[in-house]
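# Notes for the structure review
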Amino acid sequence: MERYITDLIKKSVQDVTGLEFKLFMDFLRSLSIFGDTAPRESFQELIEIIQAQADLDAQFDVSDIDHIERWTSCIYMALPIFTRGASSSKFLNYFAKQIVPVFDKIPEEKKLDLLKTVAASSPYAVAQDSRQLLPSVVQLLKKYMPGKKVDDINHNYVECLLYTFHHLAHK
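Scope of this entry: the structure provided in the associated data block. It should be emphasised that the depicted structure is a prediction, and the values quoted were computed from it without experimental measurement. (Residues numbered from 1 in each chain as written. Predicted model: local features only at pLDDT ≥ 70, side-chain atom pairs only at ≥ 80, totals over all residues. Heavy atoms only, no water.)

A count of helical and extended segments in the protein gives eight helices and zero strands. Over its C-alpha trace the protein gives a radius of gyration of 17 Å, about what one expects of a compact globule, namely 16 Å for 171 residues. Overall, the C-alpha framework of the protein stretches about 65 × 35 × 25 Å when taken along its three principal axes. Here the protein holds 171 residues, and the buried ones make up 44% of them. Contacts in the protein between residues at least 24 apart in sequence constitute 71% of all its contacts with a sequence separation of at least 6. Total accessible area computed for the protein in this model is approximately 9,600 Å², and 54% of it derives from carbon and sulfur atoms. Positive and negative side-chain charges in the protein, numbering 20 and 23 respectively, have mean positions lying 7 Å apart. (Helix = DSSP H or I, 4+ residues; strand = E, 2+ residues; numbered from the N terminus. Rg over C-alpha atoms; globule rule 2.2 N^0.38 Å. Buried < 20%, exposed > 50% of the residue type's maximum accessible area, 1.4 Å probe, protein only. Contact = heavy atoms within 4.5 Å. Areas by Shrake-Rupley, 256 points an atom, 1.4 Å probe, with all protein chains shown as cover. Lys, Arg positive; Asp, Glu negative; His and termini not counted. Charge placed at Lys NZ, Arg CZ, Asp CG, Glu CD.)

Right, dumping it as structure tokens:
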């Protein structure tokens, strides 16, 4: 029965609001097939549902606030699943390839949310993803680290980037 419900939800989430998607995901996580004793493949199935909602195949559009918020909320929703062993590769690769090159163009009020979610997911990156993401993080660190003028530093950005750097470089 839980498998049938999961299949129905997977079909339904293609056209839902952010709140409805969160409700569906909370419900799925409450099912025993996705519970604490579930196999790793089950968690990967949940990540695939979230990845589909995040639309990781689409080009990142800095002018579309909904797209930025959807990506941020999806990776945030995936964090508890990353802790259970599901792969964060697609999200981190999307960040490195799609978001970092246009990071300057992202509205200021959204940059910190993006950096926080990447920082929170960095402990769950595998070594191969760490090697791919590290140059992008270093690039952003160089941009936001203070030079001779300490007045123009954004402490939140630097904190998130250093945290991310630490976890990626460790691997």
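Across the interface, helix H3 (residues 40-54) lies against helix H4 (residues 65-82) with an axial gap of 9 Å and an inter-helix angle of 175°. Classified by the interaxial angle, the pair formed by H3 and H4 is roughly antiparallel. Together, Phe43, Leu46, Ile47, Ile50, Gln53 and Ala54 of H3 and His67, Arg70, Trp71, Cys74, Met77, Ala78, Ile81 and Phe82 of H4 make up the contact between the two elements. (Axes fitted to C-alpha atoms, helices over the stretch in contact; angles between N-to-C directions. Parallel < 35°, antiparallel > 145°, perpendicular 65-115°, else oblique.)

Moving on, we come to the packing of aromatic side chains. Across all of its chains, the model carries seven aromatic pairs by this definition. Pairing phenylalanine 60 with tyrosine 94 gives two aromatic rings, centres 6.3 Å apart and planes at 75°, and the pair type is edge-to-face. Of this pair, phenylalanine 60 sits in the loop between H3 and H4 while tyrosine 94 is found in helix H5 (residues 89-99), placing the two residues 34 residues apart along the sequence. Under the relative-accessibility criterion, phenylalanine 60 is labelled buried at 6%. With a centroid separation of 6.1 Å and an interplanar angle of 70°, the aromatic rings of phenylalanine 82 and phenylalanine 91 are classed as edge-to-face. (Phe/Tyr/Trp six-rings, centres within 6.5 Å; stacked < 30°, edge-to-face > 60°.)

A few words now on unusual backbone geometry. For aspartate 55, which is not glycine, the phi torsion reads 55° and is therefore positive. Inspection of the secondary structure assignment puts aspartate 55 in the loop between H3 and H4.

Bringing H4 into the picture now. Taking 1.5 Å as the rise per residue, H4 with 18 residues should run 26 Å; its terminal C-alpha atoms sit 25 Å apart, in good agreement. Listed as buried for H4 are His67, Ile68, Trp71, Thr72, Cys74, Ile75, Met77, Ala78, Leu79, Ile81 and Phe82. Two or three places before aspartate 66, at the start of H4, stands the capping residue aspartate 64, its side-chain oxygen 3.2 Å from that residue's backbone nitrogen. (Expected span 1.5 Å × (residues − 1). Polar contact = N/O pair within 3.5 Å; in protein donor to acceptor, adjacent residues only side chain to side chain.)

Turning our attention to the environment of serine 87. Looking at where serine 87 falls in the secondary structure, it is placed in the loop between H4 and H5. On the basis of relative accessibility, which here comes to 27%, the residue serine 87 falls in the partly exposed class. Spatially, the C-alpha atoms of serine 87 and arginine 131 are 15 Å apart, while their sequence positions differ by 44 residues. Beyond its immediate stretch of four places on either side in the chain, serine 87 contacts Gln44, Ile47, Gln51 and Phe82.

What follows concerns the side chain of serine 88. Looking at the secondary structure, you find serine 88 in the loop between H4 and H5. For serine 88, a relative accessible area of 2% gives the class buried.

Counted as a void, the largest pocket has a volume near 340 Å³. The wall of the largest pocket is formed by 19 residues, among which Val16, Phe21, Gln53, Arg70 and Cys74 lie closest to the centre. At the level of secondary structure, the elements contributing two or more residues to the lining of the largest pocket comprise helix H2 (18-30), H3 and H4. Broken down by element, the lining of the largest pocket gets its largest block of residues, six residues, from H4. Residue composition of the lining of the largest pocket, by class: seven nonpolar, five polar and seven charged. (1 Å grid on protein atoms, 1.4 Å probe; cavity = no way out; pocket = protein on both sides within 12 Å on 5 of 7 lines; lining within 4 Å. Points joined across faces, edges and corners; volume = space filled by probe spheres on them. Nonpolar A, V, L, I, M, F, W, Y, C, P; charged D, E, K, R; others polar.)

Read these as geometric descriptors, not functional statements.
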